[in-house]
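Chain by chain, the residues run as shown.
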Number of protein chains: 2
Amino acid sequence: MIWNNMTSDTRPVPADDSALIGFQQHDHETCVETALANAEKRCREEGLRLTPVRRKVLEMLVQEHRALGAYAILDRLREEGFGSQPPVAYRALDFLVENGFVHKIERLNAFVACAHPGATHSPAFMICRKCDAVAEAQSAPAKGALGAAARAVGFEIERTVVEAEGVCPDCTKKA
Amino acid sequence: MIWNNMTSDTRPVPADDSALIGFQQHDHETCVETALANAEKRCREEGLRLTPVRRKVLEMLVQEHRALGAYAILDRLREEGFGSQPPVAYRALDFLVENGFVHKIERLNAFVACAHPGATHSPAFMICRKCDAVAEAQSAPAKGALGAAARAVGFEIERTVVEAEGVCPDCTKKA
DNA sequence: ACCCTCTATGTGATTGTATAACATTGCGAG
DNA sequence: CTCGCAATGTTATACAATCACATAGAGGGT
């Protein structure tokens, strides 16, 4: 059984094989391939099970390079013949988020593929409010003013959400 | 001098007349009064209309000093005789958020009264995952690594979300 | 091979969050 | 007065997330 590698979605897609990631040009085809290959490798090494649904969801998100809502993901899973109820998508997403393959963008209630998989990191995101593109950067909020405030009152930081909203270079140019 | 005297909620409340804000003790009664007075003053000065619904929602949030979901707010509006449909709450919240009286906690899909009203600021929050308490601190994410990354790619930051999840000092003590 | 167990998936139902669309009201400016 | 605009009321619906329960597979131990 071979899945349709060329997805059946209908959204606008660049005519060539490149796209924006982190607001920069890159070869998207190899990018998708290596991302999936790396995920498979890591799962093999760590005994994680990258099942068909999980793999498909990761593939969709890597393919997009932008945030997708759970129901957009669910719609495509349905088209591909997977279960069509919300838990199908949410369980796959839970797995991918827990293991660092995917991040949740709280501001959008949506999900993006991790741009730096493998590295343990506290990610920060730049979200374009015009085109919804999402770029991932590094952050260390616990090192700055927030960390100081936390230490001062005795708050133990376990996880941080850092998301910047604004306009990406592409949309700035157009305007 | 009892700070839970007007609310009809049932959650556990300190026995004395003080409460936690920013995980620190303070006099809640004057705190609520001054917050509302300041809001009214600012609205008068800037030609903003602090209508009954909007004032009531702000009062609820200041009274609580923790994040309330839109539907919790809506329930209380209904009890007070205001409209009981979601847009009533969301429109009031939109106004309060836009004008800096209230912040949205993206991680919780909930809202808190601003702890430093008046000052133009990019707030940061500490959220206790055990008791849902929320403390507000200052942040300057655009000054650090994220700001550098944004400048490097030409992303224009307009607004930032900084939220730290962890355990507050109170819950740490209990455990 | 077998059973056992644990994980993953499928499905229906429900709750919570948020917005679209449109009617109505009330106030201020000309 | 009436026109226009901001705010509110109301219906309906879209999107996000979880609960509960049934079924299916994979792997381990015997």
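This text gives an overview of the structure that appears in the document. Everything quoted here is computed from the prediction, not taken from an experiment.

### Concerning the overall build of chain A
Link 1 in the chain: A count of helical and extended segments in chain A gives 6 helices and 7 strands.
Link 2 in the chain: The secondary structure elements of chain A, listed N-terminal to C-terminal, are β-β-α-α-α-α-β-β-β-β-α-β-α.
Link 3 in the chain: Evaluated residue by residue, chain A yields a buried proportion of 35% over its 175 residues.
Link 4 in the chain: Partitioning the contacts of chain A with sequence separation of at least 6, the portion at a separation of at least 24 is 53%.

### Considering the environment of threonine 160 of chain B
Link 1 in the chain: By secondary structure assignment, the location of threonine 160 of chain B is in strand β7 (residues 156-167).
Link 2 in the chain: Residue threonine 160 of chain B is classed as buried on the basis of its 23 C-beta neighbours within 10 Å.

### Brief notes about the interface of chain A and chain B
Link 1 in the chain: Of the residues lining the interface, 36 residues belong to chain A; the matching set on chain B comes to 36 residues.
Link 2 in the chain: Elements supplying a minimum of two residues to the side of chain A that touches chain B: β5 (123-128), β6 (134-138), α5 (145-153), β7 (156-167) and α6 (169-174) of chain A.
Link 3 in the chain: Of all the elements, β7 of chain A adds the most residues to the side of chain A that touches chain B, at 12 residues.
Link 4 in the chain: Its residues placed into classes, the side of chain A that touches chain B shows 20 nonpolar, 9 polar and 7 charged.
Link 5 in the chain: Relative to β7 of chain B, β7 of chain A is paired through 11 bridges, and the arrangement is antiparallel. The partner of glutamate 156 of chain A across the bridge, within β7 of chain B, is valine 167 of chain B.

### Section: the protein's contact with DNA strand D
Link 1 in the chain: Gly69 and Pro86 of chain A together with Thr51, Gly83 and Gln85 of chain B are the nearest of the 20 residues found near DNA strand D.
Link 2 in the chain: When residues of the surface near DNA strand D are traced back to their parent elements, those giving at least two are α3 (70-79) and α4 (86-98) of chain A together with α2 (52-64) and α4 (86-98) of chain B.
Link 3 in the chain: With 5 residues, α4 of chain B is the largest single contributor of residues to the surface near DNA strand D.
Link 4 in the chain: The residue makeup of the surface near DNA strand D, split by class, is 12 nonpolar, 5 polar and 3 charged.

### Here we look at the nonpolar core
Link 1 in the chain: Within the largest apolar cluster, 87 residues are counted, with the highest numbers of intra-cluster contacts made by Leu61 and Val102 of chain A together with Leu61 and Val102 of chain B.
Link 2 in the chain: Not counting residues within four places of it along the chain, the set of residues in contact with leucine 61 of chain A comprises Leu68, Val102, Phe111, Val112 and Ala113 of chain A.

### Notes on the protein's contact with DNA strand C
Link 1 in the chain: Close contacts around DNA strand C come from 20 residues, with Thr51, Gly83 and Gln85 of chain A together with Gly69 and Pro86 of chain B the closest.
Link 2 in the chain: When grouped by side-chain class, the residues that make up the surface near DNA strand C number 11 nonpolar, 6 polar and 3 charged.

### Here's the deal with the environment of serine 139 of chain A
Link 1 in the chain: As for its position among the elements, serine 139 of chain A is in the loop between β6 and α5.
Link 2 in the chain: Note: C-alpha distance between serine 139 of chain A and serine 122 of chain A (17 residues apart in sequence) is 6.0 Å.
Link 3 in the chain: For serine 139 of chain A, the contacting residues outside a window of four places in its chain are Ser122, Pro123, Ala124 and Val162 of chain A together with Ala145 and Leu146 of chain B.

### Notes on the pairing of strand β6 (residues 134-138) of chain B
All names here are of chain B.
Link 1 in the chain: Counted residue by residue, β6 has 4 buried out of 5 residues, so it is predominantly covered.
Link 2 in the chain: Two strands pair when backbone bridges link them, and strand β5 (residues 123-128) and β6 are joined in this way by 5 bridges, in the antiparallel orientation. Bridging from a neighbouring strand, proline 123 pairs with glutamine 138 of β6.

### Digging into the sheet that holds β7 of chain A
Link 1 in the chain: Taken together, the 6 strands give an open sheet; going across it, the order is β6(A)-β5(A)-β7(A)-β7(B)-β5(B)-β6(B), and neighbouring strands pair in mixed fashion. Both outer strands of the open sheet, β6 of chain A together with β6 of chain B, are each paired with one neighbouring strand and no more. Geometrically, the sheet is characterised by an average inter-axis angle of 25° between neighbouring strands, direction not taken into account.

### Some details on the relation of the copies chain A and chain B
Link 1 in the chain: Turning chain A through 178° and shifting it by 0.1 Å along the axis lays it on chain B, with an RMSD of 0.3 Å. The operation mapping one copy onto its partner corresponds to a two-fold rotation axis. For chain A, the smallest separation between a C-alpha atom and the rotation axis is recorded for valine 162 of chain A, amounting to 2.3 Å.
Link 2 in the chain: Residue by residue, 100% of the interface of chain A is reproduced at the interface of chain B, so both copies engage with the same surface.

### Section: helix α1 (residues 28-46) of chain B
Residue and element names in this part refer to chain B.
Link 1 in the chain: Between the first and last C-alpha of α1 there are 27 Å, a value that for 19 residues agrees with the 27 Å anticipated at 1.5 Å per step.
Link 2 in the chain: Burial in α1 covers these residues: His28, Ala35 and Ala39. Down the axis of α1, the buried set is contained in an arc of 30°. They therefore lie on one face. Along α1, the residues that are exposed and aim more than 90 degrees away from the buried face are Thr30, Glu33, Thr34, Ala37, Lys41, Arg44 and Glu45.
Link 3 in the chain: Positive phi appears at glycine 47, one or two residues downstream of α1, with a value of about 70°.

Basis of the calculations
Residues numbered from 1 in each chain as written. Chains lettered and ligands numbered in written order. Predicted model: local features only at pLDDT ≥ 70, side-chain atom pairs only at ≥ 80, totals over all residues. Helix = DSSP H or I, 4+ residues; strand = E, 2+ residues; numbered from the N terminus. Buried ≥ 20, exposed ≤ 12 C-beta atoms within 10 Å, placed from the backbone. Contact = placed C-beta atoms within 7 Å. Nonpolar A, V, L, I, M, F, W, Y, C, P; charged D, E, K, R; others polar. Pairing = 2+ DSSP bridges. Near = placed C-beta within 6 Å. Core = buried A, V, L, I, M, F, W, Y, C linked by C-beta atoms within 7 Å. Axes fitted to C-alpha atoms, helices over the stretch in contact; angles between N-to-C directions. Least-squares fit on C-alpha atoms with pLDDT ≥ 70 in both. Expected span 1.5 Å × (residues − 1). Arc of directions from axis to C-beta.

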